[in-house]
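Below, each chain spelled out in residue letters.
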Amino acid sequence: MTRRTDPLTVEVVDLIGTVVARYHQEYESAAARYKLTGAQAKVLALLNSGPLPMRQIARWLRCEPSNVTGIVDRLEARGLAERRTDPADRRIKLAAATEEGHATAERLRDSLDFAREPLSGLSDRERAVLRDLLRRMLGEDPAGGTGPTGPDVGLGHAPDAGREVTGAK
C-alpha cells in the first residue's frame, strides 16, 4: 500500500478526524441526557437491531467480555436490556433490548443532530456517493453488505468499532 501524504489527502484525513471528534462529542452528550455512559449507549444501539451474544458485542466494541457484562448489568438494572438464553445453543447468553431499551435507543438516535443536519444539505445522490465511499474506505461491499466493522445499527455502524473501550461503565 502506497503512503499518501499529498496536501489533499492530509486535508481529507484532517476533515474525517474533525467529523469523528464532533460525532463522539455529540454522542457522549446525547447519552448523558439519557443518563447513560457512552459505552452503555453504544451497546443499547447494537441491541436495538436484535439480540446479540455478549462475546460478539465485545468483539465489535473491541473490549473485554467482562466490560460488556458490566455494561449489560447496568442496562438491565435500568430495565433497558435483558439476558436471554440462545435458543440455538443454550450455553450462549444473548443480550437483548427491552421495549423501553428500544424506545430509548430510538430517542437517542433521533437526538443526534450533528450527523443528520449537515447531510440534509446534500442531495440523495450526494449522500449515496458519500455512503458508498465511506463503505469502500471501510472495506465493505458498496452494494449494502456489512463488512468487518460490525452490524448496521440504529446509530450507523457501531460507534468506536475500531477503538478500545476498556474500563467502560
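Reading the values: rules and limits
Residues numbered from 1 in each chain as written. Predicted model: local features only at pLDDT ≥ 70, side-chain atom pairs only at ≥ 80, totals over all residues. Heavy atoms only, no water. Helix = DSSP H or I, 4+ residues; strand = E, 2+ residues; numbered from the N terminus. Buried < 20%, exposed > 50% of the residue type's maximum accessible area, 1.4 Å probe, protein only. Contact = heavy atoms within 4.5 Å. Areas by Shrake-Rupley, 256 points an atom, 1.4 Å probe, with all protein chains shown as cover. Pairing = 2+ DSSP bridges. Axes fitted to C-alpha atoms, helices over the stretch in contact; angles between N-to-C directions. Arc of directions from axis to C-beta. Salt bridge = Lys/Arg side-chain N within 4 Å of Asp/Glu carboxyl O. Core = buried A, V, L, I, M, F, W, Y, C linked by side-chain atoms within 4.5 Å.

Draft legend 1. Region of interest: the overall build of the protein chain. A count of helical and extended segments in the protein chain gives seven helices and five strands. The N-to-C order of helical and strand elements in the protein chain reads α-α-β-α-α-β-β-α-α-α-β-β. The buried share of the protein chain, taken over its 169 residues, is 36%. Here the contacts in the protein chain between residues at least 6 apart in sequence split such that 56% fall between residues at least 24 apart. For the protein chain, the exposed surface amounts to about 10,300 Å²; the carbon and sulfur share of it is 54%.

Draft legend 2. Quick look at the sheet that holds strand 2 (residues 81-86). Strand order in the open sheet formed by three strands is 1-3-2, and the pairing between neighbours is antiparallel. Both outer strands of the open sheet, strand 1 (52-53) and strand 2, are each paired with one neighbouring strand and no more. Here strand 1 pairs with strand 3 (residues 89-97) via two bridges, running antiparallel. Bridge pairing in strand 3 links L52 to A95. Lying over the sheet, helix 2 (residues 38-47) contacts strand 1, strand 2 and strand 3, oriented at roughly 110 degrees with respect to strand 3. Strand contacts of helix 4 (residues 65-77): strand 2 and strand 3, with the helix running at about 120 degrees to strand 2, the strand carrying the most contacts.

Draft legend 3. Region of interest: helix 3 (residues 54-61). Turning to helix 3, its buried residues number three or more, namely M54, I57, A58, W60 and L61. Buried residues of helix 3, seen end-on, are gathered within an arc of 165 degrees and therefore sit on one face of the element. Every exposed residue of helix 3 that faces more than 90 degrees away from the buried side is listed here: R55 and R59. Where helix 3 is buried, its residues touch helix 2, strand 1, helix 4, strand 2 and strand 3. Directly beyond the C-terminal end of helix 3, a positive phi value near 55 degrees is found at R62.

Draft legend 4. Examining the pairing of strand 2 more closely. Two strands pair when backbone bridges link them, and strand 2 and strand 3 are joined in this way by six bridges, in the antiparallel orientation. Looking at the pairing, R83 lines up with A95 of strand 3. Between strand 2 and strand 3, which pair antiparallel in sequence order, lie two residues.

Draft legend 5. Molecular detail of the side chain of T98. The topology assignment puts T98 in the loop between strand 3 and helix 5 (99-110). Once residues lying within four places of it in the same chain are set aside, the contact partners of T98 are G79, L80, A81 and E82.

Draft legend 6. Inspection of unusual backbone geometry at higher detail. With a phi close to 55 degrees, K35 is a non-glycine residue in the positive phi region. Within the element layout of this structure, K35 appears in the loop between helix 1 (7-33) and helix 2. Even without glycine at this site, R62 takes up a positive phi of about 55 degrees. Judged by its relative accessible area of 46%, R62 is partly exposed.

Draft legend 7. Spatial organisation of the pattern of salt bridges. Counted under the stated rule, the structure contains 10 salt bridges. A salt bridge links K42 to E28; the shortest N-O distance between them is 3.8 Å. Here K42, found in helix 2, pairs with E28, found in helix 1; they are 14 residues apart in sequence, far enough to count as distant. We note a salt bridge from R84 to E82, for which the minimum N-O separation is 2.9 Å. The structure contains a network of salt bridges with shared partners spanning D73, E76 and R83.

Draft legend 8. Molecular detail of the nonpolar core. The biggest cluster of nonpolar side chains holds 31 residues, and the ones touching the most others in it are Y27, L36, V43, L47, I57, V68 and L75. Of all the secondary-structure elements, those providing two or more residues to this core are helix 1, helix 2, helix 3, helix 4, strand 3 and helix 5. Counting residues per element, this core draws most heavily on helix 2, at seven residues. When neighbours within four sequence positions are excluded, I57 is seen to be in contact with V43, L46, L47, L52, V68 and A95.

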